Number of protein chains: 2
Amino acid sequence: MGATKTEEFTLADITIAKYAKALGHPARIAILRILLERTSCICGDIVEELPLSQSTVSQHLKELKEAGLIKGDIEGKKVCYCIDAQAWKEAQQLLQVMFGKYKPCDTSCC
Amino acid sequence: MGATKTEEFTLADITIAKYAKALGHPARIAILRILLERTSCICGDIVEELPLSQSTVSQHLKELKEAGLIKGDIEGKKVCYCIDAQAWKEAQQLLQVMFGKYKPCDTSCC
DNA sequence: ACTTTTAATCGTAATTTTACGATAATAAAA
DNA sequence: TTTTATTATCGTAAAATTACGATTAAAAGT
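In short, a report on the structure. If you're wondering where the values come from, they're calculated on a predicted model, not measured in any experiment.

1. Focus on the interface of chain B and chain A
Of the residues lining the interface, 49 residues belong to chain B; the matching set on chain A comes to 49 residues. Of the roughly 4500 Å² buried where chain B meets chain A, counting both sides, 71% is carbon and sulfur surface. Put simply, chain B and chain A have two salt bridges between them. Where Arg33 of chain A meets Asp13 of chain B, a salt bridge forms, and the shortest distance between an N and an O atom there is 2.4 Å.

In structure tokens, the structure reads:
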């Protein structure tokens, strides 16, 4: 036991959960904020901005990459990270639709 | 090691990560969808709709509750779950603002 | 009072995540 | 070519997550 039963759910739920999971750590939110701040994407000094070691930041970057939310292109000695426009929009849309489905309930219990 | 360095980040990042983490599993997305479907919130048959055992579903419900996204009121023999309007709106807003910050980058690398 | 129903909690096991230092790997600079 | 800078990966350890069966707790029904 312990392994997530991913197969048993709908693709929509799996996809939204994948994106949400990637967003589920303050360090990764912080990384995304750094990438969101710039219009250009020459970025390689993410490590200095975070209270974590280089290897740990690299790991978080990997997870964001695996979720599809960011891309990393080798630019000489450094690696240039930026947000993946397509995945970003998909995640945004999926979450937006889900959050928009809420309607205040009419029974007394809540 | 292994413990998340939660203290070192901004409250905004911690909060958004907390909500995202709660959304980071297909089962919990499925649960939220079930709750979103109804305008009333007499719900106690969430277990039947999921391919998981009762104890596992209960655990997922607990995590959603701890993140603040849902509430559970005891209604006689059953427990009545529903979405917490305030937390829901906060999560929605935080995510919306963050996702809205994206602007396509102008350099060649991406 | 006893039984049934419903949901939480406990105990346990496997897996995954988080984190770091140390070590590669790669490309630019000297 | 050797050195330096930058990032990824490996190895490892602690902690958290996921999952389930068994048990407990509480309320309702008999």
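Text resumes after the structure shown.
2. Topic: the pattern of salt bridges
Residues and elements named next belong to chain A. Here the structure, examined in full by the defined rule, presents four salt bridges over all chains. A salt bridge links Arg28 to Glu63; the nearest nitrogen and oxygen atoms lie 3.2 Å apart. One end of the pair, Arg28, is in helix α2 (residues 26-37); the other, Glu63, is in helix α3 (residues 54-67), and 35 residues separate them in sequence. Under the relative-accessibility criterion, Arg28 is labelled buried at 7%. Taking relative accessible area as the criterion, Glu63 reaches 34% and is therefore assigned partly exposed.

About the criteria used
- Residues numbered from 1 in each chain as written.
- Chains lettered and ligands numbered in written order.
- Predicted model: local features only at pLDDT ≥ 70, side-chain atom pairs only at ≥ 80, totals over all residues.
- Heavy atoms only, no water.
- Contact = heavy atoms within 4.5 Å.
- Buried area = accessible area lost by both parts, 1.4 Å probe.
- Salt bridge = Lys/Arg side-chain N within 4 Å of Asp/Glu carboxyl O.
- Helix = DSSP H or I, 4+ residues; strand = E, 2+ residues; numbered from the N terminus.
- Buried < 20%, exposed > 50% of the residue type's maximum accessible area, 1.4 Å probe, protein only.

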